[in-house]
Every structure is written in structure tokens, then in C-alpha cells.
Protein chains: 2
Amino acid sequence: MSVQPLRIGVIGAGTVGREVVRALLDRSPRLQPADGAPLVLAGVAVRNVERAIAAGVPEELLTDAPAHLVASDEIDVLVELAGGDEPARTLIAAALGTGKAVVTANKHVVAHHGAELERIAREAESPLRFEAAVAGGVPVLGPLALDLAANRVARVRGIVNGTTNYMLTAMAREGREYADVLEDAQARGYAEADPTADVEGLDAVNKLVILARLVFGHWLAPEAIGNRPGTTRGEAGSPGITGVTADDVAALAAEGRTIRLLATARLAEDGAIEASVVPTALPGGSAFGRCDGVLNRIEVDAAPVGRVAFEGPGAGGAATSSAVLGDLVAVARGQGSTWAGLPAATARSRIEVRPVAGECVAAPSGACYPVGD
Amino acid sequence: MSVQPLRIGVIGAGTVGREVVRALLDRSPRLQPADGAPLVLAGVAVRNVERAIAAGVPEELLTDAPAHLVASDEIDVLVELAGGDEPARTLIAAALGTGKAVVTANKHVVAHHGAELERIAREAESPLRFEAAVAGGVPVLGPLALDLAANRVARVRGIVNGTTNYMLTAMAREGREYADVLEDAQARGYAEADPTADVEGLDAVNKLVILARLVFGHWLAPEAIGNRPGTTRGEAGSPGITGVTADDVAALAAEGRTIRLLATARLAEDGAIEASVVPTALPGGSAFGRCDGVLNRIEVDAAPVGRVAFEGPGAGGAATSSAVLGDLVAVARGQGSTWAGLPAATARSRIEVRPVAGECVAAPSGACYPVGD
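Residues numbered from 1 in each chain as written. Chains lettered and ligands numbered in written order. Predicted model: local features only at pLDDT ≥ 70, side-chain atom pairs only at ≥ 80, totals over all residues. Heavy atoms only, no water.

**Student:** Give a detailed account of the relation of the copies chain B and chain A, specifying residues and quantitative values.
**Tutor:** In the superposition of chain B on chain A (RMSD 0.0 Å, axial shift 0.0 Å), the rotation amounts to 180°. Classification of the inter-copy transformation places it as that of a two-fold axis. The rotation axis passes nearest to the C-alpha of Phe-310 of chain B in chain B, at a distance of 2.4 Å. When the interface residues of chain B are mapped onto chain A, 100% of them again fall at the interface, so both copies present the same face. (Least-squares fit on C-alpha atoms with pLDDT ≥ 70 in both. Contact = heavy atoms within 4.5 Å.)

**Student:** Describe the sheet that holds strand E14 (residues 360-362) of chain B, listing the residues and the values that go with them.
**Tutor:** The strand order across the open sheet built from 3 strands is E8-E15-E14 (chain B), with neighbouring strands paired in antiparallel fashion. In the strand order of this sheet, the two ends are held by strand E8 (230-231) and E14 of chain B, each with one partner. (Pairing = 2+ DSSP bridges. Helix = DSSP H or I, 4+ residues; strand = E, 2+ residues; numbered from the N terminus.)

**Student:** Outline the state of the cysteines, listing residues and values.
**Tutor:** Counting across every chain of the model gives 2 disulfides over all chains. Residue Cys-360 of chain A pairs covalently with Cys-368 of chain A via a disulfide, S to S 2.0 Å. Measuring the twist about the S-S bond at about 90°, one finds the Cys-360 of chain A-Cys-368 of chain A disulfide to be right-handed. For Cys-368 of chain A, a relative accessible area of 7% puts it in the buried group. Of all cysteine sulfurs in the structure, the one in Cys-291 of chain B sits closest to Cys-291 of chain A, which takes part in no disulfide; the separation is 15 Å. For Cys-291 of chain A, a relative accessible area of 2% gives the class buried. (Disulfide = S-S within 2.5 Å. Buried < 20%, exposed > 50% of the residue type's maximum accessible area, 1.4 Å probe, protein only.)

**Student:** Tell me what's going on with the interface of chain B and chain A, and back it up with residues and numbers.
**Tutor:** Taken residue by residue, the interface counts 42 residues in chain B and 42 residues in chain A. Applying the counting rule to chain B against chain A returns 2 salt bridges. As a salt-bridge pair, Glu-311 of chain B and Arg-297 of chain A come within 3.0 Å of each other at their nearest N and O atoms. Where chain B touches chain A, the interface holds 13 residue pairs in polar contact (both at pLDDT 80 or more). Only helix H6 (141-145), strand E12 (306-313) and helix H12 (317-332) of chain B provide two or more residues apiece to the side of chain B that touches chain A. In terms of strand pairing, strand E12 (residues 306-313) of chain A meets E12 of chain B through 3 bridges, oriented antiparallel. Counted as the bridge partner of Ala-309 of chain A is Glu-311 of chain B from E12 of chain B. (Salt bridge = Lys/Arg side-chain N within 4 Å of Asp/Glu carboxyl O. Polar contact = N/O pair within 3.5 Å; in protein donor to acceptor, adjacent residues only side chain to side chain.)

**Student:** How would you sum up unusual backbone geometry? Please name residues and give values.
**Tutor:** Cis geometry marks the peptide bond from Ala-303 of chain A to Pro-304 of chain A; its omega dihedral reads 10°. Assignment of secondary structure puts Pro-304 of chain A in the loop between strand E11 (295-303) and E12. Look at the link from Glu-86 of chain B to Pro-87 of chain B: it is a cis peptide, with omega at 5°. Within the secondary structure, Pro-87 of chain B sits in the loop between strand E4 (77-80) and helix H4 (88-97). At Ala-135 of chain B, a position not held by glycine, the phi torsion is positive, near 60°. Examined against the element boundaries, Ala-135 of chain B turns out to sit in the loop between strand E6 (128-129) and H6. Exposure remark for Ala-135 of chain B: the relative accessible area of 1% places this residue in the buried category.

**Student:** Please set out the sheet that holds strand E1 (residues 6-11) of chain A residue by residue, giving values where relevant.
**Tutor:** All names here are of chain A. On the basis of which strands lie adjacent, the open sheet formed by 6 strands has the order E3-E2-E1-E4-E5-E6 and parallel pairing. This sheet does not close on itself; its edge strands, each paired only once, are strand E3 (62-63) and strand E6 (128-129). Direction of pairing for strand E2 (residues 39-45) relative to E3: parallel, over a ladder of 2 bridges. Its bridge partner being in E3, Ala-45 is matched across the sheet by Thr-63. Helix H12 (residues 317-332) rests against E1, E2, strand E4 (77-80), strand E5 (101-104) and E6 of the sheet, and its axis sits at about 165° to E5. (Axes fitted to C-alpha atoms, helices over the stretch in contact; angles between N-to-C directions.)

**Student:** Explain empty space enclosed by the protein residue by residue, including any values.
**Tutor:** All chains considered together, the criterion is met by 1 cavity of 30 Å³ or more. The calculated volume of the largest cavity comes to roughly 180 Å³. In terms of lining, the largest cavity is formed by 19 residues, of which the most central are Arg-129, Leu-146, Ala-330 and Gln-335 of chain A together with Asp-147 of chain B. Mapped onto the lining of the largest cavity, the elements with two or more residues apiece are helix H6 (141-145) and H12 of chain A. Residues belonging to the lining of the largest cavity are distributed by class as follows: 7 nonpolar, 6 polar and 6 charged. (1 Å grid on protein atoms, 1.4 Å probe; cavity = no way out; pocket = protein on both sides within 12 Å on 5 of 7 lines; lining within 4 Å. Points joined across faces, edges and corners; volume = space filled by probe spheres on them. Nonpolar A, V, L, I, M, F, W, Y, C, P; charged D, E, K, R; others polar.)

**Student:** Please give an account of the side chain of Arg-260 of chain A that cites residues and values.
**Tutor:** Residue and element names in this part refer to chain A. With respect to the helices and strands, Arg-260 occurs in strand E9 (residues 257-267). Side-chain polar atoms of Arg-260 contact the backbone oxygen of Cys-291, separated by 3.1 Å. When neighbours within four sequence positions are excluded, Arg-260 is seen to be in contact with Ile-159, Asn-165, Leu-168, Thr-169, Val-278, Pro-279, Thr-280, Leu-282, Phe-288, Gly-289, Cys-291 and Asp-292.

**Student:** Now, about the pairing of strand E7 (residues 152-159) of chain B: what can you tell me, with residues and values included?
**Tutor:** Residues and elements named next belong to chain B. Judged by how many residues are buried, E7 sits mostly within the fold: 6 of 8 residues are covered. In the sheet, E7 pairs with strand E11 (residues 295-303) via 7 bridges, with the strands oriented antiparallel. Its bridge partner being in E11, Arg-155 is matched across the sheet by Asp-301. The pairing of E7 with strand E9 (residues 257-267) spans 4 bridges and is antiparallel. Within E9, the residue paired with Gly-158 across the bridge is Ala-263.

**Student:** Break down helix H10 (residues 202-216) of chain A for me, citing the residues and quoting the values.
**Tutor:** Residue pairs three or four apart in sequence face the same way in an α-helix, which turns once every 3.6 residues. Residues and elements named next belong to chain A. With 15 residues, H10 ought to run about 21 Å at 1.5 Å a step, and its terminal C-alpha atoms sit 20 Å apart, in line with that. Counting buried residues in H10 gives 14 out of 15 residues, a clear majority hidden from the surface. Gly-217 occupies a position one or two residues after H10 and carries a positive phi of about 80°. (Expected span 1.5 Å × (residues − 1).)

**Student:** Please set out the environment of Val-308 of chain B residue by residue, giving values where relevant.
**Tutor:** Relative to the assigned elements, Val-308 of chain B resides in strand E12. Residues Val-308 of chain B and Ile-298 of chain B, 10 residues apart in the sequence, show an inter-C-alpha distance of 8.4 Å. The residues contacting Val-308 of chain B, other than those within four sequence positions of it, are Gly-137, Val-138, Pro-139, Glu-311, Gly-312 and Pro-313 of chain A together with Leu-148, Ile-298, Glu-299 and Val-300 of chain B.

Structure (C-alpha cells):
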């Protein structure tokens, strides 16, 4: 048992970072595991140091240079919460390469550079953890890698993007058009000024890549995951939920169906992985059909367990900080990477990836939405 | 990394034991964690050796004396799946005391002798794991102890007994009486010949004791957990669901309420723990109200995460074997006990335990069912 504290450097003090920093400053007994090192905040890198001081972060912890935290001998774990591609990717890779543990909520970096980061982490024997990257505070990756370790997963499905689920729920309840609910979601802070990543399904694609790594042992290329429903003319429709109309929602509702942006990855009989993130026509009375608003839900079909589901808040600073802090406790307890216990990921080129095949239901807009159960 | 295989002795070859033995004999790669010892079946103790041979268990692994497995130098982990109080309690205690790891699905023994077994396990530094004791194959205890480690849990609630949930679902759907659906559940194998433990809520009480240990750090005395709803005359009603009538179900349904046997433990403001397992009037449209048949659902209200839920098959040999095998993988990977990372349980005598307080709704039978949200 180590008694040396684990010195933590946090990059980013946005909605999640603020909560993580506050929890670490509070020094809750929950952040001092009985069989691991206590967690101690040792540095915070932010864009605006003055604002962070005003928000109560002690000045001596602050820097505006994240690379300083990566290079510092006085930091054991890097918590990357800045988001985006660069410099996050390089900061994470450099920290892992120099033997630091890394905890991140950055689904884009993990999904797009996961194979590279896993290789670096394994070579350097540095843990990389990313529970917060999928479904915010809902424990999903941990249970998949640990509790369900003995299972063979046939399929994983999920509503993993709160923004689009909020929008689809509002369209169904209030009969409003896509553009209208998008504006509303932006006003409420559920959608960003540039909503592309959410509404085109790219955020959900990233989360599906991460789920698929844990259940199928491969890092799928995000661009290989279909994010467009078909059309009645056999073409590819608009990406994500951008083509869903109020008429589509109403017409499907009349048949007892609810449209949800469903991320699906399953193992086909020929060994290929079928993966899609598309608006899907689900039975209104099904658990997915009833999953409303910003709630996330992930279902896993596996043997021998059967179907298990995980539900909860998929976004928000407080909820997501739960996963980041849980990962920090895991690092302090020597639990290794999120994939610990699983074999190293197999090379991407050896696996065929194709969209999920199946029947679809025609809608007034001309889209043909896949039918889900 | 250990390369010595972990030699497993299984006690009991009932519905769960059969599945565990079969999985171990199949030597799936999933049972050989990348960073731990491979799992190898080394012994099986059964009542009827002839029957086990006929079922395909190799004769050289079989014994009718479970104590032989506990005493054997050639067994590293004991898997106790015989159930009941004695001799399971003594076999588990003896195995832990001699340095063996123990994995069990025995909710009765863990709930009734948890404090004693935890003390023995800690003194001997032997891991004790019991994920299968709550909600079968649904990962709940692991996520509570690991992924949600940084949270302060305010309340845990669950539908954790499939038998009674099947019965209440059938009563509501078909308007049938308690005695009638009990007979049906027995015929289908969902209820035992002596259904007392299920219908009086004692099985759910055991599961609540185990959940409360992980979230509140105390082993509650099972007999301190209320299992009777109140009555309109202010008395204690019949235990568990035994007093629920078809009229009660219909009257509450008319008000949009669904009766479910809900296990609840919450932290009161004065530091007491309120804990009950009683038929509860839930909104028909709530996730608990819609949790039908033999499905289990557990909800955790915690800070900072908010509300997270776990759902899936709470019983059945295959589903439950998933949790047993997951615990075996965890032992092989050196993960310690189910409570690893948490402080040792505090002494029972120091915590006040009382039934959950709150409003109730009067029903035709004279019962007054607590109102849930």
C-alpha cells in the first residue's frame, strides 16, 4: 500500500474541470481510498488564470501552460478536460510516454487516436482511463471491462447523446420542427453554438467507438461508422438527426414508434462488426423509446448474462466529474487502464466494419429509418 | 503478473453451479485475463456425484465432501453456490481463514454473517466477493464500490426480487388474486415450494443489507429492516407482498399507481439509516412502475453523479454465472474483495436503523402502502 499522495494536474476548468477541482480541494475522505494513495491537487492549467483565481482556485496551483503540467516531476496523473483534438492528443500522448497516468473525458481524442494512445500507454506501462468519455457519470466502461469480463458481447446499443435526445423528445411532445427545437436547445445550453458534432451524430459515433473497443477488442475508425439513415430511393439520407422532420416524428408516432438517435455495434456472423449511429424507429413502449430528454441509456446483449442496461445523466459537470474522480481513485488503487484485463486491441485493418443491416420504415421526408426492437 | 493458474473449487452444482462449471470446463479465453492468472476448475463438490457425472462433470473433479475442497492445498479459490445458512457459513469462514479467496452468490450468508466474514477476510487478507448475491448478473456492487467510489450516496432503491415482481405484474395485468399467481409462479419455477423468503421480502432484505454495506459502510441487521407496510389502523400489515390483494392492485391502478416490492435504504439527516422492503405505490409511468416481470432494477441517488440505474435479469443460472465468473476474473487479477477500496465496515451497534418514513396510500384491504416517486 502506497502512502505517497498521488499528485494530480488538471487541464481545463470548464463545466467538468470546475467540479473535479472543487472536489479535490474539498479533500473528501472518498478521495482517499482505503487501499491506495490519497488524491492531492497539485496543478491546474487554464486559459484564463485571473478568472480561475476569482472562482476560488488557489493561485499557486494555477498555470496557463498545460505543457508545464505534463513536463513537471511533481505531477503523477494528468486529468485532461480541455476537449478537442490538439493539443489534447499530444498532451495525453506525452504524459503517457513519460510514465504519467492520464484520466480524460475527451471522447474525440480517445475515439480518433485510441489505437495510438493504447500503444503508447502499454509500452510505457502508464494507465489511461476514460470512463467519463461515454455516458458522463453512468458507470459503463468499468462494468463492461470488469464485472462482465466473462461475457461474450453480441451487441451494444445506446442513446449516448443527450442533446439530440432532448431535441427528439421535444419534437415528439410538442410537434415542433427540427430548427425550432435546436434553437431552444441552444438557448438552454443543451446544444452548442456549432451543434454539428451532436446533431450529425459524430459525438455519438465517438462514444460507440469507445464502447466497441471494450466489447469487441478493436478500435473502429470513426469514419467507418454509418451516421446516415437510408432513403426510400435507396440513397444515403441526411447525417444524424438533421433530416428528421416533425412530419416524420408524427407519422411514426401514429404507428406507435418513437425516433431515437441510436448507436449500435454488433458482431456479425462472418466476424465483421456492424456499426451505425442513426435515427431509429423504436417501439414507443420500449425502454429506449421511453428514454426521454437528456437521459442516456446503454444496453448490452451478452452471454451468459442476457441483457443488462445502464441509465443516467450522460452530461453535465457534476455528473461527469463522478466518472473522472472514480477513475482517479482507480489510478490511486493501481487498477491500471480502462481496458485492464482485456487483451491488447487488434489492428484495425484486420476487421471489416460495415453499417448495421436490417429493415427500415419509410417516413414522409423520404427517409427510411431502421427499425429497432 | 502471475502465470500460476488459479485453482477453483466449486461447491454446489444447481442452476448457477452448473453454468459456472460448464464455463470453466470450456476454458474460454475470457476466463484468462490478460494481466492475471488463468482460471482452472480443480474440484466440484455435489450432493449426488452420479448425477454430476451423468451431466458431464469429469469424475476426477468430483467429491461429495465440500470440506475437502476447503481443506485442500490444491484449491486457491472456493466458489460457494450451495446456498442456505450452514454449512455454507462455516465453509466460507474456514476457507477465508486459511487464506483462500471466496466467491459466493449466497445472499443469506453474506447478509446475516457479513460483519463476521468481513472481519475474517480482512484479518487473513483473503478476498471475499459476492456480486452475484444482488441482482444476479447485473453489475451493481462493482460499480458502487469502484466507478461511483467518489460519490456520497443518499439513497439506494431497488426491485431486487424477481419472484414477487413477476407475481405483482401478473396480478396487475390479469386482475388475479395473490394465491392464484403464487401457484402459477410455483408451476413456472419462478417461486419455490416454500415461497416464504421471496413473498415475505426476506430475500430482498438480504440484498438490501448487502447494498447498504457498500453505500453506507455498515452491515445492517436484517431483522432491523421493516418488511411490513402499515395499515389504516396504524398497525403493522402482513409481511412482504403476502397481504396484497387484487382489489388493492386495482384500486391503486385506478389512481395511476403500480405496486412493487421496493427495497429502500437512505441516510437520514440525523445519521440514522432508514431501511425497508415493502410493497410501495409507485407512479405507473415511472421506471420502477414499468419494471415488469422478473426484471431487476436498482437506482442510486448520489452526489455528484445524480441518479444512475442498473437493470437486467436478477436471477437464472446463466445470468448469475456471469457475476460469479466476473468475480473469479477479479480474484485472478488481484482485485481483492467486493468492498476493496472502501473503509472497513463500522460496528452495527453504533448506527440507528429504522423503517423508511413517509406518506402512505390507503388500500381496500386496510393496508396503507408507502408512496414512492
